[in-house]
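Residues per chain, in single letters:
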Amino acid sequence: AGGRKRGVPNYQDEEDIELAKIFSQIKPQTARAWKTVVDLYERWCTMTGKPIRDERSVRNRIAKLNQATKVLSDPSSAPTHVRSLHIFDRSPRAKRLFNTRDGRMLNIAVDHGIFNDGRFLAGIESMSDVLKVLVQLHPNSIQLSPGQAHLLLTASQAAGSPVPALILRCDVSNVYTAKFPCLPFCELQNDNIIEEAIRLDAAGVICTLLKLPEDAPGAVEIHKQTVRNVCTLRNACTKWNMPLIVEVLAVKWNDTKDSFVLETDMTITAPLARLACELGGDILKCDPPANIQDVKTILHVCQPSQVLLRGSDKGDEESMIEDARKFIEMGAAGLVYGRSIVHHADPSVFTRQIQKAIHGD
């Protein structure tokens, strides 16, 4: 009489992890708190098509999990591939983005040419040649703009290498230039960019959520533009079941107040990352905070989105590798590198070290 109702399937791994997340957030001690747990879980089940469970079933399952694992007290202690299951479950394309064994990703970004600044072209003048090198490094994904994306397949065929998953850049901006523009913008490239991503066989798309200094010309408008971009893509990505990656970027003035440098103030960057999560980013790309321990804060406020961190490019190579290892140990779902790999004297050796830090082999 107290067993599972006939016809209701057993709990799956992704259901257990979602229960663990909700339990750790609510920490129910009262009947009302338990009702909140059940309501949140039921909402998630409705969104993901999972069977609805009653309160008794939820309580029994949590008790069983609590006996079997420590995941309820610390969901981040669960294997990364288990924490990644929710995005795998929602979109088969996401399985191509991550290593399916450990749920982690090495992404190499080479979409810098779209930002219309000659400084970014060094080392990527011939994208055909660059991609022939990069595909042989076997990253999980490569980030490209629409005009260069078709080269990924031909480069892989020419090199005799598997084709990495494509992440397609969907927006274009002028805020990356050496001198700040008088009229900044960041807009989607076209109204049907997700359909174009599908034609190009992309496994995910990326856009930027920007926050400029309050006294920068057009700061409010460009923030509104990027919020609108994320919302527009979220709607289209839901329609076509395409993973949405949101690049979270806060900047501040440099010393001469004529261009920007990365903002590292957590009172600014953490809320912006949370906004990207709230707007529906499946995966977030964030810059690492100045204090490496603050990575945990970023990961915590962004749940349940997966978080990729931009790989460190400061200090010597040994320090960069050690930072990569620490980022993954803290729970990052993957790392993103660009010019650090492209400009390296021996990209293959450096990339193997990064992959070992990410995947452990």
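Please refer to the structure higher up on the page.
Residues numbered from 1 in each chain as written. Predicted model: local features only at pLDDT ≥ 70, side-chain atom pairs only at ≥ 80, totals over all residues. Heavy atoms only, no water.

Participant: With reference to specific residues and values, describe the overall build of the protein chain.
Facilitator: Within the protein chain, the regular secondary structure consists of 16 helices and eleven strands. Taken against the 2.2 N^0.38 rule, which gives 21 Å for 361 residues, the C-alpha radius of gyration of the protein chain at 21 Å falls within 12% of a compact globule. Principal-axis analysis of the C-alpha atoms places the extent of the protein chain at approximately 70 × 50 × 40 Å. Counting only residues that meet the buried cut, the protein chain has 52% of its 361 residues in that class. In the protein chain, the proportion of contacts linking residues at least 24 apart, taken out of those at least 6 apart, comes to 67%. Of the roughly 17300 Å² of accessible surface on the protein chain, a fraction of 51% belongs to carbon and sulfur atoms. Taking the 44 positively charged and 43 negatively charged side chains of the protein chain as two groups, their mean positions are separated by 8 Å. (Helix = DSSP H or I, 4+ residues; strand = E, 2+ residues; numbered from the N terminus. Rg over C-alpha atoms; globule rule 2.2 N^0.38 Å. Buried < 20%, exposed > 50% of the residue type's maximum accessible area, 1.4 Å probe, protein only. Contact = heavy atoms within 4.5 Å. Areas by Shrake-Rupley, 256 points an atom, 1.4 Å probe, with all protein chains shown as cover. Lys, Arg positive; Asp, Glu negative; His and termini not counted. Charge placed at Lys NZ, Arg CZ, Asp CG, Glu CD.)

Participant: I'd like a rundown of the packing of aromatic side chains, residues and numbers included.
Facilitator: Per the counting criterion, the structure on display carries seven aromatic pairs. For the pair Phe23 and Trp34, a centre-to-centre distance of 6.1 Å together with 50° between the ring planes defines the contact as tilted. On the criterion of sequence distance, the pair formed by Phe23 in helix α1 (residues 13-26) and Trp34 in helix α2 (residues 31-48) is long-range, its members being eleven residues apart. Judged by relative accessible area, Phe23 falls into the buried class, the value being 18%. Given a relative accessible area of 12%, Trp34 falls into the buried group. (Phe/Tyr/Trp six-rings, centres within 6.5 Å; stacked < 30°, edge-to-face > 60°.)

Participant: Account for the pairing of strand β11 (residues 334-337), with residues named and values stated.
Facilitator: Of the two faces of β11, the one lined by Gly334 and Val336 and the one lined by Leu335 and Tyr337 are each fully buried. Looking at chain direction, strand β10 (residues 306-310) and β11 are connected through three bridges and run parallel. Counted as the bridge partner of Arg310 is Val336 from β11. (Pairing = 2+ DSSP bridges.)

Participant: Before we move on, can you summarise helix α12 (residues 266-278) with the specific residues and values?
Facilitator: An α-helical turn contains 3.6 residues, so any two residues separated by three or four positions project in the same direction. Helix length check: α12 (13 residues) gives 18 Å between terminal C-alpha atoms against 18 Å at 1.5 Å per residue, within 8%. All of the buried residues along α12 are Met266, Thr269, Ala270, Leu272, Ala273, Ala276 and Cys277. The buried residues of α12 all sit within an arc of 160° when viewed along its axis, so they share a single face. Those residues of α12 that are exposed and aimed more than 90 degrees away from the buried face are Thr267 and Glu278. Tucked inside the fold, the buried residues of α12 contact β6 (204-211), α11 (219-240), β7 (244-253), β9 (283-286) and α13 (295-301). Count one or two residues on from α12 and you reach Gly280, which has phi positive near 110°. (Expected span 1.5 Å × (residues − 1). Arc of directions from axis to C-beta.)

Participant: I'd like a rundown of the pattern of salt bridges, residues and numbers included.
Facilitator: The final tally for this structure, using the stated rule, is 18 salt bridges. Between Arg59 and Glu55 there is a salt bridge whose closest N-O contact spans 3.1 Å. With Arg59 and Glu55 both in helix α3 (residues 55-68), this residue pair falls four residues apart, about one helical turn. A salt bridge links Glu247 to Lys285, with the shortest nitrogen-to-oxygen separation between them at 3.3 Å. Here Lys285 lies in strand β9 and Glu247 lies in strand β7, a separation of 38 residues in the sequence. According to the relative accessible area criterion, Lys285 is buried, its value standing at 10%. Overlapping salt bridges, with partners in common, bring together Asp111, Arg169, Asp171, Glu247 and Lys285 in one network. (Salt bridge = Lys/Arg side-chain N within 4 Å of Asp/Glu carboxyl O.)

Participant: Can you lay out helix α9 (residues 151-159) for me, pointing to particular residues and giving the numbers?
Facilitator: All of the buried residues in α9 are Leu151, Leu152, Ala155 and Ser156. Buried residues of α9 fall within an arc of 130° about the axis and therefore sit on the same side. Opposite its buried face, α9 presents the exposed residues Gln157 and Ala158, each directed more than 90 degrees away. Tucked inside the fold, the buried residues of α9 contact α7 (127-135), β2 (141-144), α8 (146-149) and β3 (165-169). Gly160 occupies a position one or two residues after α9 and carries a positive phi of about 70°.

Participant: Which residues make up empty space enclosed by the protein, and what values go with them?
Facilitator: Per the stated rule, a full pass over the model turns up two cavities of 30 Å³ or more. Size it by volume and the largest cavity reaches roughly 130 Å³. Lining the largest cavity are 15 residues, and of these Val248, Glu263, Thr269, Cys286 and Asp287 lie nearest its centre. Of all the secondary structure elements, the ones that give two or more residues to the lining of the largest cavity are β7 and α12. In terms of residue count, the dominant contributor to the lining of the largest cavity is α12 (four residues). (1 Å grid on protein atoms, 1.4 Å probe; cavity = no way out; pocket = protein on both sides within 12 Å on 5 of 7 lines; lining within 4 Å. Points joined across faces, edges and corners; volume = space filled by probe spheres on them.)

Participant: Explain the packing of α7 against α9 residue by residue, including any values.
Facilitator: In contact at an axis separation of 8 Å, α7 and α9 are set at 60° when each is read in the N-to-C sense. Judged on the interaxial angle alone, α9 and α7 are oblique. For the pair α7 and α9, the crossing hand works out as right-handed. Counted together, Met127, Ser128, Leu131, Lys132 and Val135 of α7 and Leu151, Leu152, Ala155, Ser156, Ala158 and Ala159 of α9 form the full contact between these two elements. Its residues assigned to classes, the contact of α7 with α9 shows eight nonpolar, two polar and one charged. (Axes fitted to C-alpha atoms, helices over the stretch in contact; angles between N-to-C directions. Parallel < 35°, antiparallel > 145°, perpendicular 65-115°, else oblique. Left-handed = near helix turned anticlockwise from the far one by under 90°. Nonpolar A, V, L, I, M, F, W, Y, C, P; charged D, E, K, R; others polar.)

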